[in-house]
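# Close look at the chain arrangement
The lines below spell out each chain.
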Amino acid sequence: MSVGSAAGIVGQDIQGWASVLDKWAMQDAYANQIGLQQGYSNQALGNFNTNLPQFGADAARQQIGTGATDRLAQYQKTQQVPLSPTGQKTSGMVPASLNVTNRAAANYGGYGNWLFNEGQNQIGQQRLLNQIVSFAKGQANVFPYTMYEAQHSMDALTDFGKAISSLGGSGGAPASSGSPFGGSSQQSNGNDFGVMYNSGTQAGTDYIIPSY
Amino acid sequence: MSFIGDLIGGGNDYAAQAAQQEATRQKNITTGTTVINNAFAGFTPEFYQNYANAYGDFARPQVAQQYKQTKDAIGFDLANRGLSRSGTANSQWDNLATTMGQAQQGIVDTGIQQAQGLQNQVQQSENQELSNLYTSADPAQAASQATATAASFKTPSAFPAVANVFSTLLNQYYTNQLVNSYSQTNNTIAQLLSGQQPQEGL
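Residues numbered from 1 in each chain as written. Chains lettered and ligands numbered in written order. Predicted model: local features only at pLDDT ≥ 70, side-chain atom pairs only at ≥ 80, totals over all residues. Heavy atoms only, no water.

### So, the interface of chain A and chain B
In plain terms, the rule: Working rule for contacts: check all heavy atoms of both residues, and any pair within 4.5 Å makes them a contact. Summed over both partners, the accessible area lost on bringing two parts together, with a 1.4 Å probe, is the buried area. Every case where a carboxyl oxygen of Asp or Glu lies within 4 Å of a side-chain nitrogen of Lys or Arg is listed as a salt bridge. Polar contact criterion, stated in full: a pair of N or O atoms within 3.5 Å, where within protein one must be able to donate a hydrogen and the other to accept it, and residues adjacent in sequence count only if both atoms are side-chain atoms. Under the scheme used here, helices are H or I runs from DSSP no shorter than 4 residues and strands are E runs no shorter than 2 residues, and both carry numbers assigned from the N terminus. Residues were grouped as follows: Ala, Val, Leu, Ile, Met, Phe, Trp, Tyr, Cys and Pro as nonpolar; Asp, Glu, Lys and Arg as charged; and all remaining residues, including Gly, as polar.
Contacts between the two partners involve 45 residues from chain A, matched on the other side by 45 residues from chain B. Roughly 4,000 Å² is buried in total at the junction of chain A and chain B, and carbon and sulfur atoms are behind 59% of that figure. Put simply, chain A and chain B have two salt bridges between them. The tally of links from chain A across to chain B stands at 15 residue pairs in polar contact (both at pLDDT 80 or more). For the side of chain A that touches chain B, the secondary-structure elements that each account for two or more residues are helix 2 (57–79), helix 3 (93–151) and helix 4 (155–167) of chain A. With 23 residues, helix 3 of chain A is the single largest residue contributor to the side of chain A that touches chain B. When its residues are assigned to classes, the side of chain A that touches chain B shows 17 nonpolar, 24 polar and four charged.

Below, the structure written as structure tokens:
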């Protein structure tokens, strides 16, 4: 084996390893992003689970009861205030009748209190979720740049391999080099975002999506 | 970039720049959210209870005035017909007192309704401020807008005038009187036609 051939093989090996390292970096970037998104998801789920009991039947019963009690107290308090200096004598039926209507109105109004509280709780929960969603979206927007960087993290090594190959005069002929990696890496020409995910000959065919 | 990449040449670190911008955005949103929450911190349950009470204070004198006018009208009419001490009078006063009690219930309910409506408006405005913050990620702008909005809610607003809560009772009362007068007239005509002397006081 001539020195030129050896240089070609070593150069191809280096390029092949650069490609493998790129893929590993991309896998890491993907795993990191999934981890981040999972964290946001867990945060949202925790918030949801914490607030869920507020929307249940038990909470409704409790809120209806509290609302009815509050309203009844306010009715009675208001009706104790004399509105006219000269009242008229009434039969005993009036206080009894008002007592009944007060309770009925308070029970009915208690449902209104519950619905109102539920609406307020939903607003509060939605606020927290909106913030989590905003942050998750923001992190997702960073992901393409992270992936692009991972994809090109070994460009320098690829260039180095090409340089070595060129010493042997076979830099542009990987198929005949005998290298176990065979092809070139996914290096792009400059910072071309339009081919950000041009994953080369190997990446994309055997890319393993990690399971979480 | 990897250590080899950094060693040999590096390049523009787009990911780090984007991550830095996102971290700054999230920090701004967190700061802005605190600022907005502080601006709206004065809207406590006590604030809304006071608002409901304010409605009660506003409505009660009006209802009291309506009560007095209705009481006077019924009292005058009963006396005019010589029915001040009668079962009819007792029934009328009971109806008036019951209607009054229900009107007082209505004052409480309307006060609660007004307070809940205000609370909804405040919450919607706070939501809008938060939404603006997520778009702009500008805590200073969020602070000024939230403060202005919160202050606008604290400006006293006029309650609507209370409708006459005794109108139904009065309508019913006057309708009964009309029916009664109509019956009396018919009886009188019938008696005259039959040659009898009409009875007085009917």
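Additional details are given in the paragraphs that follow.
### Structural notes on the environment of Val133(A)
All names here are of chain A. Cut-off, in case you're wondering: Classification of residues uses two cut-offs on accessible area relative to the type maximum, computed with a 1.4 Å probe and protein chains only: under 20% is buried, over 50% is exposed, and between them is partly exposed.
Relative to the assigned elements, Val133 resides in helix 3. Here Val133 falls in the partly exposed class, since its relative accessible area comes to 43%. For the pair Val133 and Tyr40, spaced 93 residues apart in the sequence, the C-alpha separation amounts to 7.7 Å.

### A few points about the packing of aromatic side chains
Residue and element names in this part refer to chain B. Just so we agree on the cut-off: Two rings belonging to Phe, Tyr or Trp (six-membered ring only in the last case) form a pair when the distance between their centres is within 6.5 Å. Interplanar angles under 30 degrees mark stacking, angles over 60 mark edge-to-face geometry, and anything in between is tilted.
Under the defined criterion, the tally for this structure stands at eight aromatic pairs over all chains. Ring centres of Phe40 and Phe43 lie 5.9 Å apart, and the angle between their planes is 40°; this geometry places the pair in the tilted category. Phe43 shares its class with Phe40; the two are buried. Here the aromatic rings of Tyr67 and Phe166 are separated by 6.0 Å at their centres, their planes lie at 55°, and the arrangement is tilted. Taken together, the residues span a long stretch of sequence, with Tyr67 in helix 3 (residues 45–80) and Phe166 in the loop between helix 5 (139–154) and helix 6 (167–193) at a distance of 99 residues. Each of the two residues, Tyr67 as well as Phe166, counts as buried.

### Remarks on the confidence of the model for chain A
In low-pLDDT segments, the atomic positions of the prediction should not be examined closely. Residue and element names in this part refer to chain A. Note the cut-off: Confidence per residue, as judged by the predictor, is encoded in pLDDT with a range of 0 to 100.
Per-residue pLDDT for chain A has a mean of 81; in total, 76% of the residues score no lower than 70. The lowest-confidence element of chain A is helix 4, averaging 90 in pLDDT; the highest-confidence one is helix 2, averaging 94. In this model, residues 170–180 is a region of pLDDT below 50 whose contacts with residues beyond four sequence positions or in other chains number 15 contacts. Here residues 182–212 is a poorly scored stretch, pLDDT under 50, and it has 61 contacts once near neighbours within four places are set aside; other chains count.

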